[in-house]
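As a plain string of letters, each chain reads:
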Amino acid sequence: MVESQEETIVAVATPRGEGALAIVRLSGCHAMRIANECLGRGSPVDANCDRTLLLRDILDQDGERIDQVIVTTFVGPRSFTGEDTVELTCHGGEYVSARIVERLVEAGARVANAGEFSERAFTNGKIDLTQAEAIMQVVSARTVHSLRAANSQMNGGLRKRVQALRERILHILAQIEARIDFPEEDIEPETAATWEASITSISEDLQTLAAHRERSRMLIDGVSVAIVGPPNVGKSSLANRFLGFNRSIVSDIPGTTRDTVEEMIDLDGFPFRLIDTAGIRNPADDIEKEGVIRSRRTMEEADIVLITAAADQAPPEEFFQTCRKKDIWVVNKCDLELDARWHSFPSSWLPVSCKTGAGIGELLSLLRNKLFSSEPETRFLINMRQNDALQRCREHLNASVQMIQKGLDEELVAIAVREAIQAVESITGGALDEDLLNSIFGSFCLGK
Ligand code: GDP
């Protein structure tokens with residue numbers, strides 16, 4: 001439910017827990033009145049206080065001090081939400097910040113829903129939906145390339161491309177609609193061919209754009225790398241080498257890693273989710289059995305699998321079938337004598353030693369280059385929702401091309417093209433319904 005913008009909303013914008021400082025955010029047409037009601041001695045905050053800082057006390061209803069705060073005032077529309085906004089920077093205690101929110105509610109504010117500040121910024125035209133979603137991508141970025149892509153997105157990376165496509169589709173729609181006004185004339189074959197060519201070209205550009213989804217997903221969520229192999233070959237040791245610290249339990253008792261362990265690593269600025277799995281063998285008990293089932297599932301779902309084996313043992317046959325083309329065979333313990341059967345192994349494999357560190361650097365470079373080759377830097381990101389919209393837009397455009405080819409009425413062609421426009425507009429937010437907006441902003445953090 002979209003709440004009334006008449007209401008002034010309040011929330012703690014910083015994470016829960018104790019810290020040096022916390023920020024309480026207040027936004028809406030009564031923000032200044034509500035803040036003034038709670039602030040101690042000093043001149044009131046008003047329209048002349050745009051982007052000023054004031055050191056003030058915040059008082060309870062009996063005039064007792066709750067905390068000393070820095071009051072930052074943003075006069076609408078020059079604020080994030082586009083409304084008058086007052087931010088109170090208080091001491092970073094959970095109770096004190098919650099007490100300030102309570103005090104502001106007593107004075108007339110309402111506690112904000114998750115993502116409601118961003119939703120207001122969107123509703124007030126301060127940002128479009130791709131930029132709103134990029135805020136969360138900035139918050140969750142773990143590496144330099146993820147952050148760069150999210151920042152480009154905030155600067156309109158995807159919006160500009162989507163708007164350009166929309167303009168091109170609108171241009172064709174205008175031509176089609178112009179024809180509808182003269183129904184007595186048949187469409188000349190040249191006109192139909194021009195429309196067809198223009199629409200097909202847009203559809204191809206949409207596909208090129210959608211091809212960035214895979215890279216975006218890897219930048220947003222991280223590339224999943226599963227370390228899989230028989231027990232005791234050094235899978236946990238390999239994970240620990242990657243992480244640079246002991247995260248998994250390393251021991252020489254087969255079957256120690258019973259569950260999957262997941263960690264994010266930063267490889268040359270790209271995010272990789274490293275998944276250390278239970279060794280795959282005939283499980284000794286039910287817990288281990290569950291671990292093995294999870295390992296197999298992880299292997300199927302991972303972007304890339306490091307099939308890990310030991311140099312002093314025979315190549316593990318159980319992995320010959322499941323190995324995919326993009327997976328990497330890693331032969332650990334190359335400090336030990338190599339089992340002769342590796343000489344005739346049909347796939348290429350990379351020798352490493354977790355003990356000495358040999359080959360680990362090569363393995364990391366191989367991984368990085370396999371997933372993020374020398375393509376130019378991504379200047380925008382495409383999330384699942386945006387990708388769906390791009391696909392829908394293409395489907396409508398392709399349908400319109402078929403209609404043109406069949407010589408169907410221009411009215412019908414125009415309907416399909418209009419639907420394509422709606423799909424592309426939903427990326428920036430134009431044609432989205434309330435429920436969808438709520439579900440998008442509802443996934444944001446409180447105070448955001
Ligand atoms: P996992 O069961 O596959 O996760 O294997 P672990 O990482 O727990 O390692 C099993 C045993 O192999 C431990 O005793 C490790 O110290 C040993 N190990 C791991 N890597 C190497 C290596 O490169 N060389 C040698 N010689 N031993 C290793």
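Quick caveat: nothing in here was measured; it's all calculated off a predicted structure.

A. View of the packing of helix H6 (residues 157–180) against helix H7 (residues 189–210). Where H6 contacts H7, the two axes come as close as 11 Å, and the packing angle between them is 160°. One way to sum up the angle between H6 and H7 is to call them roughly antiparallel. For the pair H6 and H7, the crossing hand works out as left-handed. For the pair formed by H6 and H7, the contact residues are Leu-158, Arg-161, Leu-165, Arg-168, Ile-169, Ile-172, Gln-175, Ile-176 and Arg-179 on the first element and Trp-195, Ser-198, Ile-199, Ser-201, Ile-202, Asp-205, Leu-206 and Leu-209 on the second.

B. The arrangement of the packing of aromatic side chains in detail. Inspection of every chain in the model, using the stated rule, returns 9 aromatic pairs. Measuring from ring centre to ring centre gives 5.0 Å for Trp-342 and Phe-345, while their planes differ by 65°; the resulting arrangement is edge-to-face. Following the ring pairs from residue to residue traces out a cluster consisting of Phe-320, Trp-329, Trp-342, Phe-345 and Trp-349. The ring of Phe-117 carries Arg-25 above its face, with NZ or CZ at 5.0 Å from the centroid.

C. Just the environment of Leu-336, in detail. Along the chain, Leu-336 turns up in the loop between strand S11 (328–332) and strand S12 (349–351). Distance from Leu-336 to Gln-313, taken between C-alpha atoms, is 10.0 Å for residues 23 residues apart in sequence.

D. Local environment of the site of the ligand. For the ligand, the set of nearby residues contains 17 residues, the closest of which are Asn-232, Lys-235, Ser-236, Ser-237 and Asp-335. For the ligand, an oxygen atom lies 3.2 Å from a polar atom in the backbone of Val-233. Contacts to the ligand include Ser-236, whose backbone N or O atom sits 2.8 Å from an oxygen atom. Taken by itself the ligand offers 580 Å² of open surface, and the protein chains cover 84% of this. Among the elements that take part in the shell around the ligand, helix H9 (residues 235–243) stands out by supplying 3 residues, more than any other. Tallied by class, residues from the shell around the ligand come to 5 nonpolar, 7 polar and 5 charged.

E. Summary view of the sheet that holds strand S3 (residues 52–59). Strand order in the open sheet made by the 6 strands is S3-S4-S5-S2-S1-S6, with mixed pairing throughout. The sheet is open, and its two borders are formed by S3 and strand S6 (110–111), each paired with just one other strand. Inspection of the sheet shows strand S1 (residues 9–12) paired to S6 by 2 bridges, in the parallel sense. Bridge pairing in S6 links Val-10 to Val-111. Lying over the sheet, helix H1 (residues 31–38) contacts strand S2 (21–27), S3, strand S4 (65–74) and strand S5 (85–91), oriented at roughly 130° with respect to S2. Here helix H2 (residues 94–106) sits on the sheet in contact with S1, S2, S3, S4, S5 and S6, set at roughly 70° to S4.

F. Layout of helix H5 (residues 144–154). Within H5 the residues assigned to the buried category are His-145, Ser-146, Ala-149, Ala-150, Ser-152 and Gln-153. The buried residues of H5 all sit within an arc of 160° when viewed along its axis, so they share a single face. If you follow the buried residues of H5, they end up packed against helix H4 (129–140), H6, helix H8 (212–221), strand S9 (270–276) and helix H12 (384–406). One or two positions beyond H5, positive phi appears at Gly-156, with a value near 95°.

G. Summary view of the pairing of S9. Within S9, 6 of the 7 residues are buried, which leaves it mostly tucked inside the rest of the structure. Here strand S7 (residues 223–228) runs beside S9; their pairing, made up of 5 bridges, is parallel. Bridging from a neighbouring strand, Ser-224 pairs with Arg-273 of S9.

H. Just the nonpolar core, in detail. Counting residues in each nonpolar core, the largest one holds 31 residues, and the members touching the most others are Cys-393, Leu-397 and Val-417. Apart from the residues lying within four places of it in its own chain, the contact partners of Cys-393 are Ile-169, Leu-206, Ala-420, Ala-423 and Val-424. Counting 29 residues, the second largest nonpolar core, distinct from the first, contains Val-223, Phe-242, Phe-272 and Val-352.

Thresholds, definitions, all that
Position numbers for residues count from 1 along each chain, tracking the sequence in the order it is written. Predicted model: local features are reported for residues with pLDDT of at least 70 only, side-chain atom pairs are reported and counted for 80 or more only, and whole-chain, interface and lining totals are derived from all residues. Side-chain metrics in this entry use all non-hydrogen atoms of the structure; hydrogen atoms and water are not considered. Axes here mean lines fitted to C-alpha atoms, for a helix over just the part in contact, with angles spanning 0 to 180 degrees between N-to-C directions. Numbering of helices and strands starts at the N terminus; helices are DSSP runs of H or I of at least 4 residues and strands are runs of E of at least 2. Orientation categories follow fixed angle ranges, with anything under 35 degrees roughly parallel, anything over 145 roughly antiparallel, 65 to 115 roughly perpendicular, and all other angles oblique. Helix crossings get a hand from a simple test, with the near helix turned counterclockwise from the far one by less than a right angle marking a left-handed crossing and a clockwise turn marking a right-handed one. Contact criterion: two residues are considered in contact whenever any of their non-hydrogen atoms come within 4.5 Å of each other. Pairs were defined over the aromatic rings of Phe, Tyr and Trp, the Trp ring being its six-membered one, requiring ring centres within 6.5 Å. Orientation was assigned from the angle between planes: stacked under 30 degrees, edge-to-face over 60, tilted for the rest. Note on geometry: a ring has a charge over it if NZ (lysine) or CZ (arginine) is within 6 Å of the ring centre and within 35 degrees of the ring normal. In this text, near means that some heavy atom of the residue lies within 4 Å of the molecule or strand in question. The definition of a polar contact used here is a pair of N or O atoms within 3.5 Å, where within protein one atom must be able to donate a hydrogen and the other to accept one, and adjacent residues in sequence count solely through side-chain atom pairs. To measure how exposed things are, a 1.4 Å probe is used in the Shrake-Rupley method; for residues, cover is taken only from the protein chains shown. For this scheme, ten residues count as nonpolar: Ala, Val, Leu, Ile, Met, Phe, Trp, Tyr, Cys and Pro. Four count as charged, namely Asp, Glu, Lys and Arg, and the remainder, Gly too, count as polar. When DSSP finds two or more bridges between two strands, those strands count as paired. The rule is simple: take the accessible area with a 1.4 Å probe, protein chains only, and divide by the maximum for that residue type; under 20% is buried, over 50% is exposed, in between is partly exposed. Of all possible arcs, the one meant is that of the directions from the helix axis to the C-beta atoms. Residues belong to a common nonpolar core when they are buried Ala, Val, Leu, Ile, Met, Phe, Trp, Tyr or Cys residues joined through side-chain atoms within 4.5 Å.

Nothing here speaks to function; it is all geometry.
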